[in-house]
Each structure stands twice: as structure tokens, then as C-alpha cells.
Amino acid sequence: MSEDRMIKIEEVASVEAPPKARVEDVETAPEKLERKRDYLEGFLAAKPAAVEPGAVGGDLYEAVINALKDIYDPEIPVNIYDLGLIYNVEIDEGHVMVTMTLTTPHCPVAESMPAEVELRVGAVPGVGDAEVNLVWDPPWSPQNMSDEARLELGML
């Protein structure tokens, strides 16, 4: 074999231990690590702003969204909210207007789904009446779905 193709093996009996880490200024180390007491004081003391019940994040709005999440598309095992069929929810003094679409204009539930949404939303405590506005523009697409819906359908 040629010299450049030979494998050389070197045996070592012992290895010198690496130097140990040193902490200088031992007296000030705890002071440096101690959290300043006033760092989060103002942040934690602040109360969140009051939210109107019908505004996004309010109790009534969240109850309406939860009612929408209880309605499932009969052909797809995902609720209509996570499926992206709900475009908008507006609440004005107990009147709820839901703007929604369907996966296709030829959907077999095109006649019954808006009525079911109106019935379920109207049954939420605090809702006086509910109205559903069915739109086709913009058309529904799979990009409207939430990550949870995509995961459920194996698209994520």
C-alpha cells in the first residue's frame, strides 16, 4: 500500500483535564441574577379593558361562535366555523348578522344550512334575532379552513 493511503492509529494513555470555569465577582453574581422587582409590576397590575358583550372577544360574541362550531357540514366531518364557511359575525344590540357561504352553490344543504345557522344562533341566550346572509363572492376555498380542520382532514 502507498504511504498516503495508510491509516495511522495513535494511542493515548491519558488526556489533560480542561480548565474549570471560574466565576469572578462572586459577591455580585446573585445581584446580577436577581430579577428586578418592578420589571413586570406595571404590566401585571393593569386590568384588561372591558369588552362589550357583542364585540369580538365579548361573552355574547364567543357564545355565538361556539354555537357555530356546533354545526357540522354533513359531508365533511368538520364544523362550519373551522371549515371557513363563516365570513363575518356582527352583533348589534342583540341582533346577529352572520355572513356565510357554502363549499359550492350546488351543495345539497344549500337550502337547509342557512336556516339551521339562523336557528342555532337565535337560540343563544342574549340574542334577540338572527339573520343569515348567504354569499357566493368570494367563493369558498380550502385556504379558508383553520389549521384544526386541515389536520382533521389530513391536509396538514
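Quick summary incoming for the structure in this document.

Quick notes on the rules
- Within each chain, residue numbers correspond to sequence positions counted from 1 in written order.
- Local features in a predicted model are, by the rule used here, given only for residues with pLDDT of at least 70; side-chain atom pairs are given and counted only at 80 or more, and totals for whole chains, interfaces and linings are based on all residues.
- Side-chain descriptors were evaluated using all non-hydrogen atoms of the structure, hydrogens and water having been removed beforehand.
- To qualify as a helix, a DSSP run of H or I must reach at least 4 residues; to qualify as a strand, a run of E must reach at least 2; elements of each kind are numbered from the N terminus.
- Categorising residues by exposure relies on relative accessible area from a 1.4 Å probe, with only protein chains included: less than 20% of the type maximum marks a residue as buried, more than 50% marks it as exposed, and the intermediate range marks it as partly exposed.
- Here a residue-residue contact requires only that any non-hydrogen atoms of the pair lie within 4.5 Å.
- Accessible surface is estimated by sampling points in the Shrake-Rupley manner with a 1.4 Å probe; for residues, cover comes only from the protein chains shown.
- Whenever a carboxyl oxygen of Asp or Glu lies within 4 Å of a side-chain nitrogen of Lys or Arg, that contact is scored as a salt bridge.
- Throughout this description, a polar contact denotes any pair of N or O atoms lying within 3.5 Å of each other; where both atoms belong to protein, one of them has to be capable of donating a hydrogen while the other can accept it, and for residues adjacent in sequence the pair is counted only when both atoms sit in side chains.
- Take the buried residues of types Ala, Val, Leu, Ile, Met, Phe, Trp, Tyr and Cys, join any two whose side-chain atoms come within 4.5 Å, and each joined set is a nonpolar core.
- Summarising the geometry, the arc corresponds to the directions from the helix axis toward the C-beta atoms.
- Being paired, for any two strands, means DSSP has found at least two bridges between them.

Section: the overall build of the protein
Phase 1: Tallying secondary structure elements over the protein gives five helices and three strands in all.
Phase 2: When the elements of the protein are put in sequence order from the N terminus, they spell out α-α-α-β-β-α-β-α.
Phase 3: Buried positions account for 28% of the 156 residues belonging to the protein.
Phase 4: A sequence separation of at least 24 residues applies to 56% of the contacts in the protein between residues at least 6 apart.
Phase 5: Counting only carbon and sulfur atoms, one obtains 53% of the accessible surface of the protein, whose full area is about 12100 Å².

Description of the pattern of salt bridges
Phase 1: Scanning all chains against the criterion turns up two salt bridges.
Phase 2: Among the salt bridges present, the one from R120 reaches E116, with a minimum N-O distance of 3.3 Å. Of this pair, R120 and E116 both sit in helix α4 (residues 112–122), four residues apart, which is roughly one turn of the helix.
Phase 3: Residue class for R120 comes out partly exposed when judged on its relative accessible area of 34%.
Phase 4: As a salt-bridge pair, D147 and R150 come within 3.5 Å of each other at their nearest N and O atoms. With D147 and R150 both in helix α5 (residues 147–152) and three residues apart, this pair spans about one turn of that helix.
Phase 5: For D147, a relative accessible area of 47% translates into the label partly exposed.

Comments concerning the side chain of S146
Phase 1: In this structure, S146 sits in the loop between β3 (129–134) and α5.
Phase 2: There is a polar contact of 3.2 Å between the side chain of S146 and the side chain of E148.

Topic: the nonpolar core
Phase 1: Ranked by size, the top nonpolar core spans 31 residues in total, and within it V64, L68, V89 and V117 carry the most contacts.
Phase 2: Every element with two or more residues in this core is listed here: α3 (59–68), β1 (86–92), β2 (95–100), α4 and β3.
Phase 3: If near-sequence neighbours (up to four positions away) are discounted, V117 is found in contact with L68, I71, I80, V98, M100 and V132.

Some thoughts on unusual backbone geometry
Glycine aside, residues mostly have negative phi, and peptide bonds are mostly found in the trans state.
Phase 1: A cis geometry characterises the amide bond from D137 onward to P138, with omega recorded as 5°.
Phase 2: Relative to the elements of secondary structure, P138 occurs in the loop between β3 and α5.

Some remarks on α3
In an α-helix, one full turn covers 3.6 residues, which means residues spaced three or four apart are oriented alike.
Phase 1: Looking at α3, one finds that the buried residues are L60, Y61, V64, I65, A67 and L68. Down the axis of α3, the buried set is contained in an arc of 160°. They therefore lie on one face.
Phase 2: Against β1, β2 and α4 lie the buried residues of α3.

What to know about α4
Phase 1: Among all positions of α4, only M113, P114, V117 and V121 are buried. Along the long axis of α4, the arc covered by the buried residues comes to 100°, so they all point the same way.
Phase 2: Of the surrounding elements, those touching the buried residues of α4 are α3, β2 and β3.

Side note on the pairing of β2
Phase 1: Pairing geometry for β1 and β2, over six bridges, is antiparallel. Looking at the pairing, N88 lines up with T99 of β2.
Phase 2: Counting the residues between successive antiparallel strands, the hairpin from β1 to β2 contains two residues, one of them, E93, with a positive phi of roughly 50°.
Phase 3: Examined bridge by bridge, β2 and β3 share six bridges and lie parallel to one another.

Interpretation in functional terms is not warranted from these geometric data alone.
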